[in-house]
Amino acid sequence: MLAYISRRLAAGLVLALLVTLITFLMLSLSFQDVVRTILGQSATPESVDAMTKQLGYDRPVLVQYGDWLLHLFRGDLGSSVYTSLPVASSVLQRLGVTLSIIVPALIITVLLSTFLGVWAASRGGIADRVAQGLSLVGYIVPGLLLAIALVYVLAVRAKLLPATGYTPLAENPGAWLRSIAIPVVVLVIGGVANMAAQVRGRMIDELRRDYVRTLRTRGISTTSIVVRHALRNAASPALTVLSLEFIQMFGSALIIENVFALPGYGSYAFNASLQGDIPVIMGITIFGVLLVTVVNLGTDLANGWLNPKARVH
Amino acid sequence: MSSTATRGRALRSVAFLAATATATALALTACSSDAQEPTAAAAHNLALAVVTPPNSLDPAQLADGQQMFVWGSVFDTLLYKENKTGELKPNAAESWEYNEDGTQLTLKLRKGMTFSNGRPVTAKAVEATMRRTMTTPGVLKIKYSAVKSVTAVDDSTVLVEFTRFDPQFVPNLTLGAGAIGDPDTLADKRTATDPIGSGPYTLDTAATVPGSKYVLKKRNDYWNASAYPFTTLTVRVLQDPTASFNALQAGEINAGTVQAQLLGRLDKNAFSTTRIEAQAVMYVDILDRKGEKWPALGDVRVRQAINYAIDREGILKGLLQGNGKVTNQIFSPYGKVYDASLDSTYPHDAARGKELVREAGYAGTTFKIPSTFLSTSFEASISQAFKDIGLGLEWVSVPPQQAQTAHLSGDYPLSFQITGFNSDPGDANLHFGPDGFANPRHYKDATTDGLFGTINTTVDFDKALPAYKQLNEYAVKQAFEAPIVFTGGTWATAKGITMLDDGKAPSTARLFGLA
């Protein structure tokens, strides 16, 4: 198992190197543009040259990439060319904000989706129609519209929750809970719409299998069949959906962060891309690749735990 | 079955408990919320929203515009522009005086000023800051391009010597070029993120989240404390207009700009509004004014035709919800060069434009123009205008970070721009100076040469004013650009806060006062 994890992590590192190299090569095409953007409208050819030299963009691209890698291995991702703020701590800070929304949203999504999916599949009839209806509504209602409506009702009118901003958990747990409440609800509704349907489908398949019929004839209770046997078998593909959901929520986070003015990873990445802040884009890229690698690895390990056939030795 | 029912009941109980706990926690925390009512002025707190966070707080890298709300609170500038008049006034420098030919500027500093670390603000500090800005690659270095030397003559006198008179230099001292940093910490790494200045506020780094929220605490020992009534200034970065509007209505900020389409939803009893008629000028820049690469644009009739073609009123009402003012010129309506009579030079008259293009023999000519994040909303209207006079436009998509390169590349004959105002001398140079940003092919002719000759050698602005006005009139008649509108905005302030300016002063906390 350890060898497997090591191999997967090593593969993740190789992937990270390749992705960052490609990103850097693509960014290298716009070094001069970035310098001009930093200097603004009063940029002169002389000032562009001076700043290009100061930032080291006049060196060969591969030398610059090698330099970035060396610093990376020392834990130094450089500083933003606009704000001079260190990239590593900025990315971690922003990632913390985004994860503090996504993780609770994901946990609630899993619980609700499992409940709805199992309920719909095991009860059928009205329960199934209600669950499918809820999923459909979650699909149809755009997250952005929902976010705006919830802000209007809960923050602007009722003043129960903040309309914008983020309070760190360590600073004030109550205020943190309030600041993430609406963003989490929005993410959960979208997530449940997707995942509950997957769980329901898998559960229906499992409940039709021969082993379920056999268990029933042996007098095993429905709850035991559903929870201990069918759900466990259905959980494996649901986990894969969950990992995709996690990555998708990172994408959705950009919109959510914008609407709620949260200083998260998505808005940080978006602004850095708009400005062409090369050290920040590189930092975001490496963190993003590593995050996806770890999530995928975690999913595979969990799958192996749930399904012995999927175990890698 | 009974087991299932029991489990179901248990699940429902857990769900109910969880829901109750969450609701209780939310309700309790709501009660202990730090959200302020719109009447936050009672606590002397000003919380305002901006779209752009400050880049760097290094005195050599300070950008103007909304970024000034933060750095303008930490640093004193040598001069400032008065609210509602835009007149240059003493600030850290209590006087300034040029010699006869404008090659020496003597600045007399106010006495008794201190940096936030307690050290005195002296002429040596100004000298050190200016010398560093002159030699540091960055946004401000160019503003010192005519400066030969900076010398602290005594504790409160600074002598700036120039290679030539620079009419933009003194107005620039109200902005980043006039900021004073603490010479002992200028070289420190912290300067870019947590600098020492002599301004009315200090940055509360513990409460600040860079790029999102800046919290500034008032200095009670500031020399001009009465001009800043707010004990805490919070600058929130809210890039989404709806988020900003929601924050305003929810009482999380007490000052912010509101989009025209949202104004109707603002509670008139809780907020007052101030309309800023002109914040920037939107225009189609004619880059090849001599027609070197695109001969059609060297013909004044084609340039005038473009000006006739644009339906300025339509763009203002249809796309900007009336937020602004149509214009045929680029000089700020708040400045002295602006001439209202010029705004009737090019009424919307597509037939006249078409006739001019036909006369010039360029009907059917198509131009490429960069499509940027600024232009997307206006492209259809501008393309239609060109079509109406027998010309064509091809918008070429350009990523945001390449917008400036595209403008300067020489690959495009035209460019769509929205440019903020600086000062009359600054705007004259930017749009029509041979090295101005809006004139990347360095166009000049005998008339512009002569007028800039006067402008750049006349130290007294009022005496140079006729030359500025002639330049404005000449540029409009020659149609070097196709100005469309002055874009405006509306500030909303909560009860207890008042807006003291109407768009003439830079973006600092001084724009706001207690009602």
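Chain B is annotated in an unreviewed UniProt entry as Solute-binding protein family 5 domain-containing protein of Phytohabitans aurantiacus. Taken verbatim from the UniProt record of chain B, the Sequence similarities (unreviewed entry) comment is "Belongs to the bacterial solute-binding protein 5 family." Recorded under Subcellular location (unreviewed entry), the UniProt text for chain B is reproduced unchanged: "Cell envelope".

As annotated in an unreviewed UniProt entry, chain A carries the name ABC transporter permease and is attributed to Phytohabitans aurantiacus. UniProt lists a comment for chain A under the heading Sequence similarities (unreviewed entry), and it reads "Belongs to the binding-protein-dependent transport system permease family." As stated in UniProt under Subcellular location (unreviewed entry), the record for chain A gives "Cell membrane".

Visitor: Mind showing me how you'd approach the overall build of chain B here?
Guide: Helix and strand content of chain B: 15 helices and 19 strands. By its C-alpha atoms, chain B is 90 × 70 × 40 Å across when sized along the principal axes. For chain B, the residues scored as buried account for 49% of the 515 residues in total.

Visitor: What is the right way to look at helix α10 (residues 350-360) of chain B in this model?
Guide: Owing to its 3.6 residues per turn, the α-helix brings residues three or four apart onto one side. Residues and elements named next belong to chain B. For α10, the complete set of buried residues consists of G353, L356 and V357. Buried residues of α10, viewed axially, fall in a sector of 95 degrees; they line one side. Of the residues flanking the end of α10, it is G361, one or two places downstream, whose phi is positive at about 80 degrees.

Visitor: Explain the nonpolar core here, please?
Guide: In summary, soluble globular proteins display a tendency toward joint burial of nonpolar side chains. In terms of nonpolar packing, the biggest core is built from 156 residues, with A:I102, A:L187, B:L46 and B:L48 touching the most fellow members. Residue contacts for A:L187: discarding those within four places in its chain leaves A:I101, A:I102, A:A105, A:M249, A:S252 and A:I256. Counting 55 residues, the second largest nonpolar core, distinct from the first, contains B:A296, B:A305, B:Y362 and B:I389.

Visitor: Even after reading the chapter, I still don't get the packing of helix α5 (residues 87-123) of chain A against helix α8 (residues 173-207) of chain A, so can you show me in this structure?
Guide: Any two packed helices are characterised by how steeply their axes cross, that is the angle between the axes, and by the distance between the axes. Where α5(A) contacts α8(A), the two axes come as close as 6 Å, and the packing angle between them is 35 degrees. The two elements α5(A) and α8(A) meet at a crossing, and its hand is right-handed.

Visitor: How should the environment of A:S273 be read in this particular structure?
Guide: Residues and elements named next belong to chain A. Looking at the secondary structure, you find S273 in helix α11 (residues 265-275). Looking at S273, the number of C-beta atoms within 10 Å reads 16, which means it is partly exposed. Considering only alpha carbons, one finds S273 and L27, 246 residues apart in sequence, at a separation of 10.0 Å.

Visitor: Please clarify how the interface of chain B and chain A should be interpreted in this entry.
Guide: You'll often see interface size given as the accessible area lost when the parts meet. At the junction of the two partners, chain B supplies 43 residues and chain A supplies 46 residues. Top contributing element to the side of chain B that touches chain A by residue count: helix α1 (residues 2-31) of chain B, with eight residues. A per-class count over the side of chain B that touches chain A returns 19 nonpolar, 17 polar and seven charged.

Visitor: Would you take a moment to explain the UniProt feature "transmembrane region" (unreviewed entry) in chain A for this structure?
Guide: Residues and elements named next belong to chain A. UniProt annotation of "transmembrane region" (unreviewed entry) refers to residues 95-121, 133-155, 175-197, 238-260 and 280-299 when read in the numbering used here. Helix makes up 100% of residues 95-121 and strand 0%, with an end-to-end C-alpha separation of 37 Å. Split by type, residues 133-155 is 91% helix and 0% strand. Its first and last C-alpha atoms lie 28 Å apart.

Visitor: Explanation requested: the confidence of the model for chain B in the structure shown.
Guide: All names here are of chain B. Summing up the model confidence of chain B, the mean pLDDT is 90 and the portion of residues at 70 or higher is 92%. Scored below 50 in pLDDT, residues 1-42 makes 48 contacts in the model with residues more than four places away or belonging to other chains. Predicted as a complex, the structure gets a pTM of 0.85 and an ipTM equal to 0.81.

Visitor: What exactly am I supposed to notice about the pairing of strand β6 (residues 147-154) of chain B here?
Guide: The side chains of a regular strand alternate, residue by residue, between the two faces of the sheet. All names here are of chain B. Of the strand pairs in this sheet, β6 and strand β7 (residues 157-162) are connected by six bridges, and their pairing is antiparallel. Residue pairing for β7: V147 is matched across the bridge by F162. Between the end of β6 and the start of β7, which pair antiparallel, lie two residues.

Visitor: Please explain the domain arrangement of chain A as it appears in this structure.
Guide: Residues and elements named next belong to chain A. Taken domain by domain, chain A holds domain 1 (1-76 + 276-313) and domain 2 (93-267). Taking the mean C-alpha position of each, domain 1 and domain 2 sit 31 Å from one another. Across the contact, ten residues belong to domain 1 and nine residues belong to domain 2. Of the residues assigned to the side of domain 1 that touches domain 2, the class counts are six nonpolar, four polar and no charged.

Visitor: Explanation requested: the packing of helix α10 (residues 222-260) of chain A against helix α12 (residues 278-306) of chain A in the structure shown.
Guide: All names here are of chain A. Packing of α10 against α12 brings their axes to within 9 Å, and their N-to-C directions diverge by 175 degrees. On the basis of their axis angle, the class for α10 and α12 is roughly antiparallel. On α12, the residues touching R232, A235, S236, L239, T240, S243, F246 and I247 of α10 are V292, V295, N296, T299, A302, N303 and L306. Within the contact of α10 with α12, the residues separate by chemical class into eight nonpolar, six polar and one charged.

Visitor: What should I look at first to understand the sheet that holds strand β5 (residues 104-109) of chain B in this one?
Guide: Each strand in a sheet pairs with another by means of backbone hydrogen bonds, the pair being arranged parallel or else antiparallel. Residue and element names in this part refer to chain B. Pairing is antiparallel across the open sheet formed by four strands, whose spatial order is β4-β5-β7-β6. Taken across any chain shown, the strands that pair with only one partner, and hence form the sheet edges, are β4 (93-98) and β6. If you compare each strand with its neighbour and ignore which way they point, the axes differ by 15 degrees on average. Bridge count between β5 and β7: five bridges; the pairing is antiparallel. Residue pairing across strands places Q104 opposite E161, the latter belonging to β7. Set on the sheet, helix α3 (residues 123-135) makes contact with β5, β6 and β7; between it and β6 the angle comes to about 165 degrees.

Visitor: So what exactly am I meant to see when it comes to helix α13 (residues 424-432) of chain B here?
Guide: All names here are of chain B. The buried count for α13 comes to nine of nine residues, which makes it a mostly enclosed element. Burial in α13 covers these residues: D424, P425, G426, D427, A428, N429, L430, H431 and F432. Those residues of α13 hidden inside the fold are in contact with α4 (169-172), α14 (446-455), α15 (461-478) and β17 (481-494).

Visitor: Sorry, what's going on with the pairing of strand β9 (residues 213-218) of chain B here?
Guide: Both strand β8 (residues 201-203) of chain B and β9(B) contribute to a ladder of three bridges, which runs antiparallel. Residue pairing in the sheet places B:Y201 in a bridge with B:K218 of β9(B).

Visitor: Sorry, what's going on with the domain arrangement of chain B here?
Guide: All names here are of chain B. Taken as a whole, chain B is organised into domain 1 (45-270 + 495-514) and domain 2 (278-489). A C-alpha centroid distance of 30 Å is found between domain 1 and domain 2. Taken together, the contact between domain 1 and domain 2 spans 14 residues of the former and 16 residues of the latter.

Visitor: Help me understand unusual backbone geometry, please; the structure alone is not making it clear to me.
Guide: With glycine set apart, most residues show a phi of negative sign, and most peptide bonds adopt trans. Residue and element names in this part refer to chain B. Even without being glycine, Q321 reaches a positive phi, approximately 50 degrees. Summarising the element assignment, Q321 is placed in the loop between α9 (312-319) and β13 (324-326). Even without glycine at this site, H442 takes up a positive phi of about 55 degrees.

Visitor: It is not clear to me how the UniProt feature "domain: ABC transmembrane type-1" (unreviewed entry) in chain A should be interpreted in this structure. Could you clarify?
Guide: Summarizing the sequence annotation, UniProt attributes the feature "domain: ABC transmembrane type-1" (unreviewed entry) to residues 95-299 of chain A in the numbering used throughout. For the annotated span residues 95-299 of chain A, helix accounts for 85% and strand for 0% of the residues, and the straight-line distance between the end C-alpha atoms is 20 Å.

Visitor: Would you mind going over the confidence of the model for chain A with me for this structure?
Guide: Caution is warranted with low-pLDDT regions, since their predicted coordinates should not be read in detail. The pLDDT averaged across chain A works out to 87; a share of 98% of its residues lies at or above 70. Looking across chain A, the model is least confident in α10(A), with a mean pLDDT of 81, and most confident in helix α4 (residues 61-73) of chain A, with 94.

Rules of the game
- In this convention, every chain numbers its residues from 1, walking through the sequence in written order.
- Chain letters and ligand numbers both follow the written order, the letters beginning at A and the numbers at 1.
- Side-chain atom pairs in this predicted model are given and counted only at pLDDT of 80 or more, local residue features only at pLDDT of at least 70, and totals for whole chains, interfaces and linings cover all residues.
- UniProt positions are given in the numbering used here, feature names are shortened, and annotations may be inferred rather than shown by experiment.
- By the criteria applied, helices consist of DSSP H or I runs no shorter than four residues and strands consist of E runs no shorter than two, each listed in order from the N terminus.
- Using C-beta atoms placed from the backbone, we call a residue buried if 20 or more other C-beta atoms fall within 10 Å of its own, exposed if 12 or fewer do, and partly exposed for counts in between.
- In this context, the arc is that of the directions from the helix axis out to the C-beta atoms.
- Here a nonpolar core is just a set of buried residues of the types Ala, Val, Leu, Ile, Met, Phe, Trp, Tyr and Cys, joined wherever their C-beta atoms sit within 7 Å.
- C-beta atoms are placed from the backbone for every residue, and two residues are taken to be in contact when these atoms lie within 7 Å.
- For helices, the fitted line uses only the C-alpha atoms of the stretch in contact; every axis is such a line through C-alpha atoms, and the angle between N-to-C directions lies from 0 to 180 degrees.
- For any pair of crossing helices, the crossing counts as left-handed if the nearer helix is rotated counterclockwise from the farther one by less than a right angle, and right-handed if it is rotated clockwise.
- Side-chain classes are defined by residue name, with Ala, Val, Leu, Ile, Met, Phe, Trp, Tyr, Cys and Pro counting as nonpolar, Asp, Glu, Lys and Arg as charged, and the others, Gly among them, as polar.
- Confidence scores labelled pLDDT are given residue by residue by the predictor and lie between 0 and 100.
- Here, strands pair whenever DSSP counts at least two bridges between them.
- Domain delimitation in this document rests on an assignment produced automatically or drawn from a domain database.
- Any angle between 65 and 115 degrees counts as roughly perpendicular, while under 35 counts as roughly parallel, over 145 as roughly antiparallel, and the rest as oblique.

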